[in-house]
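Single-letter residue listing:
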Amino acid sequence: MPERKDSESRKLLRRLRETLAAPGGGQHRLDQITHHIADSMGTEVCSIYLFRDPETLELCATEGLKPEAVHKTRLRLGEGLVGRVARTGRHVNTADAPGEPGFRYMPETGEEVFSSFLGVPIQRVGERLGVLVVQSRSARQFSEDEVYGLEVVAMVLAEMAELGAFLGSQADSLHHFPIMFRGTTGQEGTAEGHVWLHEPRVVITNPVADDPLKEKARLNEAVAMLRTTVDSLLAAADMGSGDSAEVMETYRMFAHSRSWLRRMEEAIDLGLSAEAAVEKEQSQARARLESAADPYLRDRLHDLDDLSNRLLRILTGQGRDTGAEMPEDPILVARNIGPAELLDYGRRLKGVVLEEGSVGSHAAIVARALAIPLVIHAERITSEALNGDLILVDGDMGTVHLRPEETVTKAFRDKMAMQAEAQQRYAGLRDLPATSTCGTTIQLYMNAGLMADLPSLESSGAEGVGLFRTELQFLTRTKVPRRGELAALYAHVLDNAHGKPVMFRTLDIGSDKVLPYMKPQDEPNPAMGWRAIRVGLDKRGVLRMQLQALIRAAIGQPLHVMFPFITEMNEFEEAHKLLMEQLAREQRLGHALPSDIRVGAMLETPSMAFAPKKFFEMCDFISVGGNDLKQFFFAADRENEMVRRRYDTLNTSFITLLEQIVQRCDEARVPVSFCGEDAGRPIEAMTFAALGFRRLSMRPASIGPVKHLIRRVNLSELKRVIDDARDAGEINLRRPITEWLARQ
């Protein structure tokens with residue numbers, strides 16, 4: 001078959017546009033489209049497979065295969081050549097389809113007589129909608145021009161699908177059906193509100209254009225505006241030098257890329273509008289970067305999306321400010337969001353729902369600080385949600401109900417009412433100690449990271465701040481904060497604590513917390529890599545500056561400093577020495593000093609349970625970081641949804657490790673606390689108290705429920721239950737503990 005000319009491609013796209021505009025149902029349109037494509041490409045077969053659900057593709061229309069196979073033939077994601085295209089987001093082009101690895105023969109289609117196969121993904125900015133396939137009897141490889149031309153057609157089909165062209169009579173009902181999304185808990189809690197889209201999706205209503213010269217002129221003008229904007233933005237940011245400058249320069253490089261512009265112009269030559277050409281390149285680049293082995297390249301996806309979205313907004317005039325008014329009870333819905341952007345919204349938000357993110361992401365950290373529910377991994381919600389839609393967020397279960405039915409809304413409101421009633425009961429305990437019936441008193445501290453957290457210190461009844469995360473002040477900026485800024489902030493924190501102790505954890509970055517101005521490290525397992533105190537000791541200038549800021553903030557007051565992720569004694573010794581050097585320096589400069597200084601360590605790896613006795617004696621206090629300790633003990637990445645819930649905190653082996661840590665601390669007469677998500681779960685907290693932990697640190701909202709349970713149980717009796725269950729060979733202590741609790 002001769003290679004198709006640009007004019008032939010534009011002719012096909014015009015026919016598709018006419019099909020879209022013509023009256024008729026969705027199936028009729030699909031049938032017309034497959035006929036037009038097969039005719040234009042000169043192939044015997046053209047088929048469209050669309051996703052029936054996230055894991056299943058269905059043959060929805062065909063020209064050339066048996067008509068009775070339509071809506072009957074289905075493939076799993078990754079199954080056969082069609083499934084491979086859908087899974088990888090890349091085309092498959094072969095002259096011998098039956099001989100291709102992974103080929104699946106589907107006799108009901110009658111495709112066995114067709115040797116040549118070309119399949120391309122139907123996708124829109126990372127959202128895979130289906131697969132477009134052409135086939136021929138003759139054994140031949142399709143040319144690069146034919147592949148590119150079919151990708152252009154697939155792009156137009158993706159836009160038509162977005163506009164509801166294949167829903168037929170249901171088109172008017174698009175975005176009106178109730179939908180439930182099953183995601184992952186990022187922050188517990190429940191909220192009812194109305195959708196507020198962080199970045200409303202750009203809608204392309206004109207994917208096909210007749211005048212390529214005009215479209216290229218529009219594109220070039222928009223790209224010139226984009227480059228000017230980016231250059232001005234980066235000049236104003238004053239990145240200086242180092243990793244931050246390198247990251248920002250990469251962003252500028254993307255904007256000025258000639259190959260990026262050339263690929264978009266080539267798509268216009270084949271008949272796409274300027275907007276559709278931008279989105280086609282964005283979709284294909286996304287597919288390439290998502291499969292890249294280099295984590296640094298994958299991290300550039302955000303840069304690419306940001307630039308493409310800016311360019312689309314210039315072309316369409318659809319700015320972030322759409323004229324919509326934020327509802328009084330906004331629940332933020334976004335693909336992803338940075339910590340600074342989330343902080344800009346502040347406590348106006350009732351909840352947050354993201355398509356991406358992780359349990360340890362910046363957004364999750366800020367959501368915890370703001371005490372609002374967060375659900376992550378809610379796939380496709382930005383495609384389905386509209387500003388103002390009613391939405392229910394269940395952070396406890398990791399579920400989201402969009403446009404819920406009345407029965408679902410009523411049940412959800414009943415749950416929220418019960419939670420509110422329980423919180424009222426807990427409020428009555430605020431000024432009472434967490435003393436068990438056997439007379440043991442447990443100190444309940446709260447975790448914090450923002451000034452916005454501090455009012456909870458009084459309202460929750462917390463006795464202090466067991467963990468103040470100092471990294472948030474670094475994560476929300478485009479460059480390293482100055483010493484004076486940090487000193488003022490830390491002083492403000494201490495002043496607002498009104499004499500209650502605040503444990504400042506030094507900068508804990510790396511792993512899932514990458515500074516926006518620091519080049520990400522290419523590490524196969526970041527959680528076990530260059531992070532926390534390892535970064536601090538390697539980049540001593542930053543740690544030194546932070547320690548100076550803490551010392552200056554605590555003039556005349558007690559100062560508690562805690563070093564994170566200590567994995568061997570010499571790391572603590574070096575960090576402790578560095579702190580003492582900064583104290584001596586401040587004294588030489590004639591600066592006033594803290595009235596007292598306590599230096600502690602986060603025990604987050606099993607290795608430190610076996611550390612030399614000297615380590616425990618050197619520490620003024622120790623905080624067990626339960627989240628990391630648990631993932632390293634069980635070798636189960638807490639960011640991996642396949643394993644993070646598999647292992648129970650009340651596993652006998654883990655409880656025995658915790659008990660050993662308490663014993664080591666008691667022998668050295670060093671106070672020990674437990675800090676982490678499990679400290680805020682009443683049954684786990686009660687168990688930790690029975691093991692000998694006398695201080696627990698948790699999110700403010702958990703203090704009431706934990707105090708309520710501790711005040712009604714006998715911890716000495718619970719300890720005997722734990723010991724008896726272990727002696728009896730129980731692998732997990734949850735059942736005997738909950739059975740004992742039910743009898744109380």
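Residues numbered from 1 in each chain as written. Predicted model: local features only at pLDDT ≥ 70, side-chain atom pairs only at ≥ 80, totals over all residues. Heavy atoms only, no water.

## Re the overall build of the protein chain
Put simply, the test is: Per the convention used, a helix needs a DSSP run of H or I reaching at least four residues, while a strand needs a run of E reaching at least two, with both numbered from the N terminus. Each residue gets one of three labels from its accessible area relative to the maximum for its type: buried under 20%, exposed over 50%, partly exposed in between, using a 1.4 Å probe on protein chains only. Contacts between residues were defined by any pair of non-hydrogen atoms, one from each residue, lying within 4.5 Å.
A count of helical and extended segments in the protein chain gives 27 helices and 23 strands. Burial statistics for the protein chain: of 744 residues in total, 55% are counted as buried. Within the protein chain, contacts between residues separated by at least 24 positions form 68% of all contacts whose residues are at least 6 apart in sequence.

## What about the pattern of salt bridges?
For clarity, the cut-off: Basic side-chain nitrogens of Lys or Arg form a salt bridge, by our definition, when they fall within 4 Å of a carboxyl oxygen of Asp or Glu.
The tally for this structure, following the rule as stated, stands at 43 salt bridges. Across the pair Glu151 and Lys280 runs a salt bridge, and its minimum N-O distance is 4.0 Å. With a gap of 129 residues between them, Glu151 in helix α4 (residues 144–162) and Lys280 in helix α8 (residues 274–290) connect regions that are remote in the sequence. For Glu151, a relative accessible area of 14% gives the class buried. Residue Glu573 pairs with Lys614 through a salt bridge whose shortest N-O separation is 3.4 Å. With a gap of 41 residues between them, Glu573 in helix α20 (residues 569–588) and Lys614 in helix α21 (residues 613–618) connect regions that are remote in the sequence.

## A few points about the environment of Glu58
As a reminder, the rule being used: Here a polar contact is recorded for every N or O atom pair within 3.5 Å, except that within protein the pair must consist of a potential hydrogen donor and a potential acceptor, and residues adjacent in sequence are included only if both atoms are side-chain atoms.
Following the sequence through the fold, Glu58 ends up in strand β2 (residues 56–63). Judged by its relative accessible area of 6%, Glu58 is buried. Put simply, Glu58 and Leu75 are 17 residues apart on the chain and 6.5 Å apart in space, counted from C-alpha to C-alpha. Within the local environment of Glu58, its side chain forms a polar contact with the side chain of His71, the two groups lying 2.6 Å apart.

## So, the environment of Ala154
Positionally, Ala154 belongs in helix α4. Ala154 gets classed as buried once you look at its relative accessible area, which sits at 0%. Put simply, Ala154 and Gly130 are 24 residues apart on the chain and 9.2 Å apart in space, counted from C-alpha to C-alpha.

## A word on the sheet that holds strand β6 (residues 127–136)
This is how it is decided: A pair of strands is treated as paired once DSSP finds two or more bridges between them. Under this scheme, a helix contributes an axis fitted over its contacting stretch, all axes are lines through C-alpha atoms, and angles between N-to-C directions fall in the 0 to 180 degree range.
Ordered by their spatial adjacency, 6 strands build an open sheet running β3-β2-β1-β6-β5-β4, and the pairing between neighbours is antiparallel. Two strands in the sheet have a free side with no partner beyond their single neighbour: β3 (74–76) and β4 (92–94). Taken pair by pair, the neighbouring strands of this sheet meet at an average axis angle of 25°, ignoring direction. Examined bridge by bridge, strand β1 (residues 45–53) and β2 share 7 bridges and lie antiparallel to one another. Its bridge partner lying in β2, Phe51 is registered against Leu57.

## Some thoughts on the packing of helix α24 (residues 682–691) against helix α25 (residues 700–710)
Spelled out, the test is: Roughly parallel refers to an angle under 35 degrees, roughly antiparallel to one over 145, roughly perpendicular to one between 65 and 115, and oblique to any angle outside these ranges. Rotating anticlockwise by less than a right angle from the far helix to the near helix defines a left-handed crossing, while the corresponding clockwise rotation defines a right-handed one. Classification used: nonpolar for Ala, Val, Leu, Ile, Met, Phe, Trp, Tyr, Cys and Pro, charged for Asp, Glu, Lys and Arg, polar for all others including Gly.
Their axes nearest at 9 Å, the elements α24 and α25 cross at an angle of 55°. Looking at the two axes, α24 sits oblique to α25. Considering how the two elements wind past one another, α24 and α25 form a crossing that is right-handed. On α25, the residues that touch Pro682, Ile683, Ala685 and Met686 of α24 are Pro705, Val706 and Leu709. The residue makeup of the contact of α24 with α25, split by class, is 7 nonpolar, no polar and no charged.

## What about the sheet that holds strand β8 (residues 184–187)?
Here we have 8 strands laid out as an open sheet, ordered β7-β14-β13-β9-β10-β11-β12-β8, and mixed in their pairing. On the outer flanks of this sheet lie β7 (179–182) and β8, each paired with one strand and no other. On average, each strand axis in the sheet is inclined to that of its neighbour by 30°, with strand direction left out of account. Relative to strand β14 (residues 399–402), strand β13 (residues 390–394) runs antiparallel, the two being bridged by 4 bridges.

## A word on unusual backbone geometry
The backbone of His498 sits at a positive phi, close to 50°, despite the residue not being glycine. When its relative accessible area of 67% is taken as the criterion, His498 is described as exposed. Its identity as a non-glycine residue notwithstanding, Arg669 has a phi of 55°, on the positive side.

## Topic: the packing of helix α17 (residues 483–497) against helix α19 (residues 540–553)
At a minimum axis separation of 8 Å, α17 and α19 run at an interaxial angle of 45°. Looking at the two axes, α17 sits oblique to α19. As α17 packs across α19, the resulting crossing turns out to be right-handed. Of the residues in α19, those touching α17 at Arg483, Leu486, Ala487, Tyr490, Ala491 and Leu494 are Met545, Gln546, Gln548, Ala549, Leu550, Arg552 and Ala553. Residue composition of the contact of α17 with α19, by class: 9 nonpolar, 2 polar and 2 charged.

## A look at the nonpolar core
Across soluble globular proteins, nonpolar side chains show a tendency to be buried alongside one another. Spelled out, the test is: Note on terminology: a nonpolar core comprises buried Ala, Val, Leu, Ile, Met, Phe, Trp, Tyr and Cys residues joined through side-chain atoms within 4.5 Å.
Within the largest apolar cluster, 96 residues are counted, with the highest numbers of intra-cluster contacts made by Phe563, Phe615, Leu658 and Leu696. Setting aside its immediate chain neighbours within four residues, Phe563 contacts Thr506, Ile533, Leu547, Phe572, Ala575, His576, Leu579, Val599, Gly600, Ala601 and Met602.

## Topic: the packing of aromatic side chains
Rules: Under the pairing criterion, centres of Phe, Tyr and Trp rings, with the six-membered ring standing for Trp, must be within 6.5 Å; the plane angle then separates stacked pairs below 30 degrees from edge-to-face pairs above 60, leaving the rest tilted.
The final tally for this structure, using the stated rule, is 13 aromatic pairs. Ring centres of Phe615 and Phe616 lie 5.2 Å apart, and the angle between their planes is 70°; this geometry places the pair in the edge-to-face category. Neither Phe615 nor Phe616 differs from the other in exposure class; each is buried. Here Phe674 and Phe693 contribute two aromatic rings whose centre-to-centre distance is 5.7 Å and whose plane-to-plane angle is 85°, an arrangement assigned as edge-to-face. Of this pair, Phe674 sits in strand β22 (residues 672–675) while Phe693 is found in the loop between α24 and β23 (695–698), placing the two residues 19 residues apart along the sequence. A single burial state applies to Phe674 and to Phe693, both of which are buried. Aromatic ring contacts, followed pair by pair, group Phe563, Phe572, Phe615 and Phe616 into a single cluster.

## Things to note about helix α26 (residues 715–727)
Formally: Helix span is expected to be 1.5 Å times the residue number reduced by one.
In this model α26 runs 18 Å from its N-terminal to its C-terminal C-alpha over 13 residues, within 8% of the 18 Å that 1.5 Å per residue would give. For α26, the secondary structure elements touched by its buried residues are β16 (441–448), α23 (652–668), α24 and α27 (734–742). Looking at where α26 begins, the residue whose side-chain oxygen comes 3.0 Å from the main-chain nitrogen of Ser716 is Asn714. Positive phi appears at Gly729, one or two residues downstream of α26, with a value of about 85°.

## A short note on α23
For an α-helix, the turn length of 3.6 residues means that residues three or four places apart are oriented alike. End to end, α23 covers 25 Å across 17 residues, agreeing with the expected 24 Å (1.5 Å per residue, within 8%). All buried positions along α23 are accounted for by Thr652, Phe654, Ile655, Leu657, Leu658, Glu659, Ile661, Val662, Arg664, Cys665 and Ala668.

## Let's talk about the side chain of Ser257
Residue position: Ser257 is located in the loop between α6 (243–255) and α7 (258–269). A polar contact of 3.0 Å, which involves the side chain of Ser257, links it to the side chain of Ser259. In this structure the side chain of Ser257 is engaged in a polar contact, spanning 3.2 Å, whose partner is the backbone nitrogen of Trp260.

## As for the pairing of β16
Across the 8 residues of β16, 6 count as buried, placing the element largely inside the fold. Bridge count between strand β15 (residues 434–435) and β16: 2 bridges; the pairing is antiparallel. Bridged to Ala434 within β16 is Ile442. Two successive antiparallel strands, β15 and β16, enclose a turn made up of 5 residues, where Gly439 displays a positive phi of approximately 95°. In the sheet, β16 pairs with β23 via 4 bridges, with the strands oriented parallel. Across the sheet, the residue bridging to Tyr445 is Ser697, located in β23.

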